[in-house]
Amino acid sequence: MFTYLNDWFPVFLSLRVAVIALVIVTLAGLPLSRLMARREFYGKEFIEAAITLPLVLPPSVIGYGLLMLIGKNGLLGSLLSQMGIQILFTWWAAVLASTVVALPLMYQSARAAFESVDVNFEKAARTLGAGELRVFCTITLPLAWPGIMAGLVLSFARALGEFGATLMVAGNIPGQTQTIPLAIYFAVDAGDNATAKTLVAIITVFSFIVIFLVNRWSRRRNIRLR
Amino acid sequence: MIFMLEAYIKKELWHFDLDLSLSIGSQIMVLWGPSGAGKTTILHCLAGLHKPSSGYIRLNGRTLYSSREKIDTPARLRRIGYLFQDYALFPHMSVRQNVLFGVKGNKSDFEDHFVDPVEMLNSFGVGHLIDRFPHQLSGGEKQRVALTRALAASPELLLLDEPFSALDKNTKTRLRKELKELQKRWRIPFVLVSHDEEDASFLGDSIITLPKGKS
């Protein structure tokens with residue numbers, strides 16, 4: 001079946017984009033969700049709504065918003081172009097689109113996971129002499145881990161599958177910004193069924209294996225920690 | 001070293017104001033009162049998990065909290081052990097990892113205070129459970145492990161929140177005796193919170209009765 005695939009570029013690009021987006025989503029999403037799970041402050045609901053919005057907006061709206069942000073006259077775009085950097089229609093724009101749509105999934109899973117950790121465990125750790133960093137790394141994070149893992153998987157899957165916003169900000173430049181979902185769409189469009197089928201098979205099998213392994217792992221862990 | 005706790009705590013809660021002063025040496029003080037009287041809040045204030053509205057807390061000459069001097073030592077530096085009502089054993093750690101969590105790696109601490117937590121588990125009769133996880137322990141076993149964990153951090157004061165409420169009657173009677181002996185051996189102040197009159201009369205070298213919170 002793989003012999004039908006002449007161009008492996010979309011596969012590697014998709015993986016690269018999804019992995020980088022996942023790293024950004026994790027680094028931004030974990031501290032953010034931890035903060036929102038444990039602190040009350042003015043304007044919290046507003047920030048929360050803003051983070052979650054990409055989950056419910058049509059991809060074309062997100063794409064349009066990102067165009068406004070990183071376009072030539074956009075807020076970020078004009079700043080970057082002064083520094084001689086352009087990310088519009090490069091694969092970094094695909095990373096940006098994937099990050100924005102994946103962040104709400106990470107945020108929601110991680111926040112629920114952090115909230116589910118009994119505060120008494122954290123308090124007990126403090127009375128035993130642990131500082132905040134140690135409390136987080138040895139108590140909060142391990143106890144919230146199943147939920148965070150779910151967030152990681154969902155975010156990765158969402159980043160891997162991102163289509164609409166990516167098309168608008170990164171375009172469909174074969175060999176440069178063409179990810180698997182874009183390649184499938186344009187292969188079908190061009191009547192190249194062999195390529196489309198192969199890419200569909202690859203992304204389906206890969207996603208299935210990831211979800212299967214994570215589910216199996218989390219069930220075993222829950223049995224142990226019951 | 002003579003152990004001494006002196007505290008005056010004022011804490012405004014949403015339905016009433018707590019106002020309590022206590023002064024104890026190496027003995028067991030029982031704070032007795034109905035639920036909703038703010039007993040746990042007092043322990044939280046002493047341990048540094050809540051901030052009182054005003055007052056002071058002094059332990060062995062160290063001022064841990066003082067609203068006037070603007071001192072508020074964080075919980076981790078107070079050297080106050082806390083036995084939680086449900087014991088709060090870390091569910092993802094074995095008994096061994098739990099009791100070693102608070103042991104300081106610091107040499108000078110070892111010399112005068114250090115107690116081997118493993119030996120202590122043995123003396124409590126739960127040494128054979130060292131590689132088990134909290135969900136595999138009975139209520140009484142959990143309490144002994146939690147006590148070991150709190151004492152292994154060599155605290156200068158031990159706070160106990162309803163330590164017997166999760167236990168059946170026989171275990172309760174046995175553990176009460178054990179606790180009384182334990183305090184005599186450790187010679188640090190214990191402050192125990194309970195709504196059970198028997199706990200108070202059996203254990204309390206001194207008893208403070210808290211009124212029911214006014215609504």
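Right above here is the structure, for reference.
Given the structure is predicted, the values throughout are model-derived calculations rather than measurements.

Chemist: Break down the overall build of chain B for me, with residues and values.
Modeler: Scanning chain B for helices and strands turns up seven helices and 10 strands. Relative to the globule expectation of 17 Å for 215 residues, the C-alpha radius of gyration of chain B, 17 Å, shows essentially globular dimensions. The C-alpha extent of chain B, read off along each of the three principal axes, is 45 × 40 × 30 Å. By residue count, 54% of the 215 residues in chain B fall in the buried class. Across chain B, contacts joining residues at least 24 apart in sequence account for 69% of those joining residues at least 6 apart. Roughly 9900 Å² of accessible area belongs to chain B as shown, and the carbon and sulfur atoms make up 49% of that amount. Here chain B holds 29 positive side-chain charges and 25 negative ones, and the gap between their average locations is 2 Å.

Chemist: Hey, could you go over the pattern of salt bridges for me, with residue numbers and the actual values?
Modeler: With the rule as written, the count across this model stands at 18 salt bridges over all chains. Notably, a salt bridge pairs A:Glu40 with A:Lys44, separated by 3.2 Å at the nearest N-O pair. In this structure, the salt-bridge partner of A:Glu132 is A:Arg126, at a minimum N-O distance of 2.7 Å. With relative accessibility at 19%, the residue A:Arg126 sits in the buried group. Salt bridges linked by common partners bring B:Lys172, B:Arg176, B:Asp196, B:Glu198 and B:Asp199 together as one network.

Chemist: Explain the packing of helix 1 (residues 9–38) of chain A against helix 5 (residues 91–116) of chain A residue by residue, including any values.
Modeler: The description of two packed helices rests on the angle between their axes and on the distance between the axes. Residue and element names in this part refer to chain A. Closest axis-to-axis distance for the helix 1/helix 5 pair is 6 Å, and the angle between their directions is 35°. The two elements helix 1 and helix 5 cross, and the hand of that crossing is right-handed. Class assignment for the residues of the contact of helix 1 with helix 5 results in 20 nonpolar, four polar and five charged.

Chemist: Could you give an account of the interface of chain B and chain A, with specific residues and numbers?
Modeler: Listed by partner, the interface residues are 22 residues for chain B and 20 residues for chain A. Approximately 1900 Å² of surface area, both sides summed, lies buried where chain B meets chain A, with 68% of it carried by carbon and sulfur atoms. Interface area lost by chain B to chain A is led by B:Arg76, B:His92 and B:Phe101, which between them contribute 32%. Run the count over chain B and chain A and you get zero salt bridges. Where chain B touches chain A, the interface holds four residue pairs in polar contact (both at pLDDT 80 or more). When contributions to the side of chain B that touches chain A are tallied by element, the ones reaching two or more residues are helix 1 (39–47), strand 7 (80–83) and helix 5 (139–152) of chain B. By residue class, the composition of the side of chain B that touches chain A is 15 nonpolar, four polar and three charged.

Chemist: Describe in detail helix 9 (residues 180–189) of chain A, supporting the description with residues and values.
Modeler: The complete set of buried residues in helix 9 of chain A reads A:Ile180, A:Pro181, A:Leu182, A:Ala183, A:Ile184 and A:Ala187. Looking at the residues trailing helix 9 of chain A, positive phi occurs at A:Gly191, about 75°.

Chemist: So what's going on with the pairing of strand 7 of chain B? Which residues, and what values?
Modeler: Residue and element names in this part refer to chain B. Residues Ile80 and Tyr82 of strand 7 are buried on one face, and the alternating residues Gly81 and Leu83, pointing to the opposite face, are buried as well. Judged from the four bridges that link them, strand 7 and strand 8 (residues 157–161) form a sheet pairing that is parallel. Bridge assignment links Leu83 to a residue of strand 8, and that residue is Leu160.

Calculation rules
Residues numbered from 1 in each chain as written. Chains lettered and ligands numbered in written order. Predicted model: local features only at pLDDT ≥ 70, side-chain atom pairs only at ≥ 80, totals over all residues. Heavy atoms only, no water. Helix = DSSP H or I, 4+ residues; strand = E, 2+ residues; numbered from the N terminus. Rg over C-alpha atoms; globule rule 2.2 N^0.38 Å. Buried < 20%, exposed > 50% of the residue type's maximum accessible area, 1.4 Å probe, protein only. Contact = heavy atoms within 4.5 Å. Areas by Shrake-Rupley, 256 points an atom, 1.4 Å probe, with all protein chains shown as cover. Lys, Arg positive; Asp, Glu negative; His and termini not counted. Charge placed at Lys NZ, Arg CZ, Asp CG, Glu CD. Salt bridge = Lys/Arg side-chain N within 4 Å of Asp/Glu carboxyl O. Axes fitted to C-alpha atoms, helices over the stretch in contact; angles between N-to-C directions. Left-handed = near helix turned anticlockwise from the far one by under 90°. Nonpolar A, V, L, I, M, F, W, Y, C, P; charged D, E, K, R; others polar. Buried area = accessible area lost by both parts, 1.4 Å probe. Polar contact = N/O pair within 3.5 Å; in protein donor to acceptor, adjacent residues only side chain to side chain. Pairing = 2+ DSSP bridges.

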